Amino acid sequence: MKIFGLFADKQPRKGPQETQAAPPAYWSLSSEQLLSALGGASHGLQQADAESRIKKYGLNALQARPRASALRLFLNQFKSPLVLILIFAATVSAFVKEWTDAVIVLAVVIGSTMRGFVQDYRAGTAVEKLRSQLTFKSNVLRDGRPRMLPSEQVVPGDVVLLSAGSLVPADGVVLEADDFFVNQAVLTGETFPMEKKAGMVGAKAGLAERTNCVFMGTSVSSGTAKMLIAQTGKATVFGQIAERLSLRSPETEFERGIQRFGYLLTRVMLVMVVIVLAVNIFLAKPPIDSLLFALALAVGLAPELLPAIISITLAHGAQQMAKRGVIVRRLNSIENFGSMDVLCTDKTGTLTEGVVRLDGALDPEGRSSASVLQYAFLNAYYQTGLKNPLDEAINAYARKSGLNIGPEQKVDEIPYDFVRKRLSVIMADARGECTLVTKGALDNILSVCNRVRAGEEIYPLDETRRAGIERRYGDWSGKGFRVLGIATKTVQRQSDSYSYTDESDLTFAGFLIFFDPPKSDVRQTIVDLVERGVQLKIITGDNQKVARYVADAVGLPISGLLTGSELNEMRDEALWHSAERTTIFAEVDPNQKERIILALRKTGHVVGYMGDGINDAPALHAADVGISVDTAVDVAKDAADFVLLKQDLDILREGIDEGRVTFANTLKYILTTISANFGNMFSMAGASLLLPFLPLLAPQILLNNFLSDIPATAIAGDNVDPEWVAKPRRWNTIFIRNYMVLFGLVSSIFDFLTFGALLFLFRASPAEFRTGWFIESLLTELVIALVVRTRRLFFRSRPGKLLLVSTLVIIGLTLMLPYLPFQSLFGFIPLPAPLMLAMIGLTALYVVVTEVAKKYFYAHIDKAGA
């Protein structure tokens, strides 16, 4: 579940903290009793008092996933089964007094663990630095006034202001509420938001029955409230669950593929090791050497760098995406980003400039109206719910027109929600007469109106007048204007709060028309996305005519359009069929957005969703790739896998490319491993059964493995050919299996050619055989990485500088090894020049044959996919 880890402690506090002071069953106390018990006040805490409470109780954080220390990261390197196998091998060598073998194996262990530690530490540091750029904040009363503070600084006794889109920072009780509904499905599993009110409930009330409480990790669906914090951090209900459970995000498709691949290799490794050890002992070969050989073979077979390569490529990808303005919240989603083939987005800010302006306040006849503007200004000025660009545009236009609030004073408010799609404010004038002013989607406004104002006169809203209103609405919508309605009603002052039932028998006052111009540069971005195999779909709450206008303006081809009302009539099976062929989904509510995403996923697509509002949270959770922006409400940012620092489709395109680069470089390591490493180890296992001596000694196998892994770590920063990012890439087990069979076979053929040359052409001694075979096998492993990293001829694709340099350095070291002073430690001897040249020649021939096999393989793949 994505919401876990929201307040994970980034800076664990040292030293013990006191148990929090909220009384048991605090929900059964009156607000006055609880304020007294917590030492708080309805106007909030003083800043100095709050700071002392942080020291006393600690940060409002779960500490569910504290960052590992350097020492812990180093010790974690020794948890690898492969490292444990090597330590076991070194122990056996020392036990039988094979000190040279023991020292060499331990040297390999230390070198491998230090390399892994450095890579993990650097990757972890880079990711933490990126994540620290995103913080969740709460509107807290401090020193008697509201202040936006990091949620981790909230303490017991604080008073927090909540509105639609807010994430509840900690557990507490509601002091004041106005049509306040909270989504607490993360704790209770309830499908629909629950209304919360001030008051008291029984001491034995269950979680779902505490209607006066709100809890950490839940989110505000609609309305406003003032809450008193009672429990923070691990003392919250959310924190207690996190203490008991170890939760992680659902596995991505790529993770599942890697896991299956790992299981396959493990099974092959175990079978081979057991068979090789048993046969060698049966053939009366030295048992200790046979055991060390079998263990070294296991290490050579295993892709021990795969977890490190994945971590490095993901961290590198996250850093590159951050440079482009994309902050990665969940590293494992990067491959999904590259696999994405459908991107769903609202139009505002992505296809349009995102700068909404009020173009006019008009009466029902379409004429400019000062009274409609005044009503709209009062409604926008006094509403305290979710901030939105429409109200900001109304306020800006009113100020520019010289309007003032005047004598009207706010009495009450009926907050906006996504069912009514209306917001009402009740105001009293200087004489005490109250007026309800409602603003919202035109259809939803007209549904509660039975009269219409024409100048100073009021008439029944009959079919003729309604048709005229709807005609003007259609004309403006077709030109790209977003249209809201304004309606009013005189009401009696009352002691109880007003509710949505008071929104009836209203008088339609007029229209508000807004314009958000389409972006001029988005047309090319849409073309670029299509070229990369990504379909763009619009999912919006706006009416279909506005959505169609924007799509036409930015050059988005429209293959189909569905409205929310049409979706309601569709069964899920019908939606699965229609969703693929539909470009625009208009007039939809939050639940319908989620349903559309699930339908697209059901038909096999990897779906991305971009949204920034509270109404986008369900769809962000449902998508394979959730994308939000830094200015989004907290609940949207928390649901997202990626956060854009700028709402721009072009940045998204660059992020898709980087996701595909990360996917490609991870796959390169796998292809390199299964091309040469497998072939060499299979050949070695076979040779050990046929030869009267071991083809390689254990230290030689480990050194081979260690040296070949050095360039492999540079794959994370390798260059990627354009064709790798030209279309979505997904994990393909059949592709990898076929690749392993073909290229492993090629590698094994050359291994046995090498055996034949060494035994029959050069009549090599065991030491010469091992030295020559070591050089040839290591050279093939090194050069194959340069060959299989591209579909092109290897010399027509420029590798990354670090990969190329490290490969050339290790090749040079390989050729020098038999002639170095310490060569005898590993059992090497100097080779005659003809034999060395033969090994180099076989490697060159191997490259040529592998290129031919690669051309055949990809031609077959392309033909099968055509």
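All residue numbers here refer to positions counted from 1 along the written sequence of the relevant chain. Under the rules for a predicted model, residues below a pLDDT of 70 receive no local features and side-chain atom pairs below 80 are neither given nor counted, while totals for whole chains, interfaces and linings still include all residues. Here the side-chain values reflect all heavy atoms present in the structure, with hydrogen atoms and water set aside.

Draft legend 1. Spatial organisation of a nonpolar patch on the surface. A contiguous nonpolar patch, built from L845, V848, V849 and V852 and spanning about 320 Å² of accessible area, is present on the exposed surface. Position of V848 relative to the elements: it lies in helix α28 (residues 833-865). Within the patch definition used here, like charges are joined within 9 Å and nonpolar side chains (Val, Leu, Ile, Met, Phe, Trp, Tyr) within 5 Å, considering only residues with over 30% relative accessible area and no salt bridge. Surface exposure here means Shrake-Rupley accessible area, sampled with a 1.4 Å probe, where a residue is shielded only by the protein chains that are shown. Just to be clear on terms, a salt bridge is a Lys or Arg side-chain nitrogen sitting within 4 Å of an Asp or Glu carboxyl oxygen. Counting from the N terminus, the helices are the DSSP runs of H or I reaching at least four residues and the strands are the DSSP runs of E reaching at least two.

Draft legend 2. The arrangement of the pairing of strand β18 (residues 535-539) in detail. Think of it in three bands: residues with accessible area under 20% of the maximum for their type are buried, residues over 50% are exposed, and the middle band is partly exposed, with areas taken using a 1.4 Å probe on protein chains only. Taken across its 5 residues, β18 has 4 buried, putting it largely inside the fold. Two strands pair under a simple rule: DSSP has to find at least two bridges between them. Where strand β9 (residues 342-345) lies against β18, 4 bridges are found, and the strand directions are parallel. Opposite V342, over in β18, you have Q535 as the bridge partner. Here β18 runs beside strand β20 (residues 584-586); their pairing, made up of 2 bridges, is parallel. Of the residues in β20, the one forming a bridge with I539 is F585.

Draft legend 3. Spotlight on the pattern of salt bridges. According to the stated counting rule, one finds 28 salt bridges in the structure shown. A salt bridge links R653 to D528, with the shortest nitrogen-to-oxygen separation between them at 3.7 Å. Of this pair, R653 sits in helix α23 (residues 649-690) while D528 sits in helix α16 (residues 522-531); the two residues are 125 residues apart in sequence, bridging distant segments of the chain. Since its relative accessible area comes to 13%, R653 is described here as buried. The shortest N-O distance in the salt bridge between R653 and E654 comes to 3.9 Å. Residues joined in a network through salt bridges with shared partners are D528, R532, D650, R653, E654 and D657.

Draft legend 4. Expanded view of the environment of M227. Within the secondary structure, M227 sits in strand β7 (residues 219-231). Note: C-alpha distance between M227 and A170 (57 residues apart in sequence) is 9.8 Å. When sequence neighbours within four positions are dropped, the list of residues in contact with M227 reads D158, V159, V160, L162, V168, A170, D171, G172, V173, V174, L175 and V214. Residues are treated as being in contact if the distance between any of their heavy atoms lies within 4.5 Å.

Draft legend 5. Spatial organisation of the packing of aromatic side chains. Here is the rule: rings of Phe, Tyr and Trp (six-membered ring for Trp) pair when centre to centre is within 6.5 Å. Planes less than 30 degrees apart are stacked, more than 60 are edge-to-face, and the remainder are tilted. Inspection of the entire model under this criterion finds 22 aromatic pairs. An aromatic cluster of three or more residues is present, and its members are F693, F752, F755, F769 and W773. One cation-aromatic arrangement involves R210 over W27; the distance from NZ or CZ to the ring centre is 3.6 Å. Note on criteria: charge over ring means Lys NZ or Arg CZ within 6 Å of the ring centre, with the direction from the centre no more than 35 degrees off the ring normal.

Draft legend 6. How the structure looks around the packing of helix α19 (residues 572-579) against helix α20 (residues 590-602). Interaxial angle, 0 to 180 degrees, is taken between N-to-C directions of lines fitted to C-alpha atoms, where a helix line uses only the stretch in contact. The interhelical angle for the contact between α19 and α20, taken along N-to-C directions, is 75 degrees, at an axis separation of 8 Å. Relative to α20, the element α19 lies roughly perpendicular. Together, D572, L575, W576 and A579 of α19 and R595, I596, A599, L600 and K602 of α20 make up the contact between the two elements. Partitioned by chemical class, the residues of the contact of α19 with α20 number 6 nonpolar, no polar and 3 charged. Reported orientations rely on four angle classes, namely roughly parallel under 35 degrees, roughly antiparallel over 145, roughly perpendicular from 65 to 115, and oblique for the rest. Gly counts as polar in this scheme, as do all residues outside two lists: the nonpolar Ala, Val, Leu, Ile, Met, Phe, Trp, Tyr, Cys and Pro, and the charged Asp, Glu, Lys and Arg.

Draft legend 7. A look at helix α27 (residues 801-816). Take the residue count of a helix, subtract one, and multiply by 1.5 Å to get its expected span. If you check α27, its first and last C-alpha atoms are 23 Å apart, about what 16 residues at 1.5 Å a residue would give, namely 22 Å. Here α27 has its buried residues at L803, S806, T807, I810, I811 and T814. All buried residues of α27 fall inside an arc of 140 degrees around its axis, so they share one side. More than 90 degrees from the buried face of α27, the exposed residues found are K801, L802, L808 and V809. Against the buried residues of α27 lie α24 (698-712) and α26 (766-788). The arc refers to the directions leading from the helix axis to the C-beta atoms.

Draft legend 8. Molecular detail of the environment of G199. Within the secondary structure layout, G199 lies in the loop between β5 (194-195) and β6 (213-214). The exposure class assigned to G199 is partly exposed, which follows from its relative accessible area of 42%. Considered as a pair, G199 and S30 are 169 residues apart in the sequence and their alpha carbons are 6.8 Å apart. Once residues lying within four places of it in the same chain are set aside, the contact partners of G199 are W27, L29, V174 and N212.

Draft legend 9. Structural view of the nonpolar core. If you look at the biggest cluster of nonpolar residues, it comprises 59 residues, and the most contacted ones within it are F337, L343, L351 and I597. In this structure, L351 is in contact with P518, K519, V522, I526, L536, I538, V550, V554 and L649, ignoring residues within four places of it in sequence. The nonpolar core is taken to be a set of buried Ala, Val, Leu, Ile, Met, Phe, Trp, Tyr and Cys residues, with the residues joined through side-chain atoms within 4.5 Å. The next biggest cluster of nonpolar side chains, apart from the first, holds 54 residues, and it includes L671, L696, V788 and I811.

Draft legend 10. Spatial organisation of unusual backbone geometry. Phi at D143 takes a positive value of approximately 55 degrees, unusual for a residue other than glycine. The partly exposed category is assigned to D143, whose relative accessible area is 32%. Positive phi values are uncommon outside glycine, yet D505 reaches one of about 55 degrees. On the secondary structure map, D505 appears in the loop between β16 (482-491) and β17 (506-515). A residue is classified by how much of its surface remains accessible, and D505, at 45% relative accessible area, is partly exposed.

Draft legend 11. Layout of the sheet that holds strand β8 (residues 326-328). An order of β8-β23-β22-β21-β9-β18-β20-β19 is seen for the 8 strands of this open sheet, with the pairing classed as mixed. Single-partner strands in this sheet number two, and they are β8 and β19 (561-563). If you compare each strand with its neighbour and ignore which way they point, the axes differ by 20 degrees on average. Pairing of strand β21 (residues 607-610) with strand β22 (residues 625-629) involves 3 bridges; the strand directions are parallel. Each residue of the ladder has a partner; that of Y609, found in β22, is G626.

Draft legend 12. The arrangement of the side chain of S797 in detail. The topology assignment puts S797 in the loop between α26 and α27. For S797, a relative accessible area of 3% puts it in the buried group. Side-chain polar atoms of S797 contact the side chain of D721, separated by 2.6 Å. In this structure, S797 is in contact with D721, R789, T790 and R792, ignoring residues within four places of it in sequence. The term polar contact refers here to a pair of N or O atoms within 3.5 Å; inside protein, the definition further demands a hydrogen-donor-capable atom paired with an acceptor-capable atom, and it admits residues adjacent in sequence only when both atoms are side-chain atoms.

Draft legend 13. Seen up close, the pairing of strand β14 (residues 449-454). Summarising the sheet, β14 and β17 pair through 3 bridges and their orientation is parallel. Bridged to C449 within β17 is L506. In this sheet, strand β15 (residues 457-460) lies alongside β14 in antiparallel orientation, the contact comprising 4 bridges. Paired with V452 across the strands is Y459, a residue of β15. If you look at the hairpin formed by β14 and β15, you'll find 2 residues sitting between the two strands, and G455 has a positive phi there, around 65 degrees.

Draft legend 14. Summary view of helix α17 (residues 544-553). All of the buried residues along α17 are V546, A547, V550 and A551. Along the axis of α17, the buried residues cluster in a sector spanning 135 degrees; they form a single face. Taken together, the buried residues of α17 touch α15 (463-478), β16, β18 and β20. Its side-chain oxygen 2.9 Å from the backbone nitrogen of K545, N543 forms the N-cap of α17. Positive phi appears at G555, one or two residues downstream of α17, with a value of about 80 degrees.

Draft legend 15. Just the packing of helix α25 (residues 733-761) against α26, in detail. Two numbers describe how α25 lies on α26: the axes approach to 10 Å, and their chain directions differ by 150 degrees. Considering their axes alone, α25 and α26 lie roughly antiparallel with respect to each other. Here the hand of the crossing between α25 and α26 comes out right-handed. Counting all contacts with α25, which are made through Y739, F750, D751, T754, F755, L758 and L759, the residues of α26 involved are F769, G772, W773, E776 and V788. Classifying every residue of the contact of α25 with α26 gives 8 nonpolar, 2 polar and 2 charged. Here a crossing is taken to be left-handed if its near helix is turned anticlockwise relative to the far helix by less than a right angle, and right-handed if that turn runs clockwise.

Draft legend 16. Local environment of the confidence of the model for the protein chain. Within the protein chain, residue pLDDT values average 83, and 83% of them lie at 70 or more. Contacts for the low-pLDDT stretch residues 1-16, under 50 throughout, to residues beyond four places or in other chains number 45 contacts. One number per residue, pLDDT, summarises how confident the predictor is, and it ranges from 0 to 100. Every residue in residues 244-248 is under pLDDT 50, and counting partners more than four places away or in other chains gives 6 contacts.

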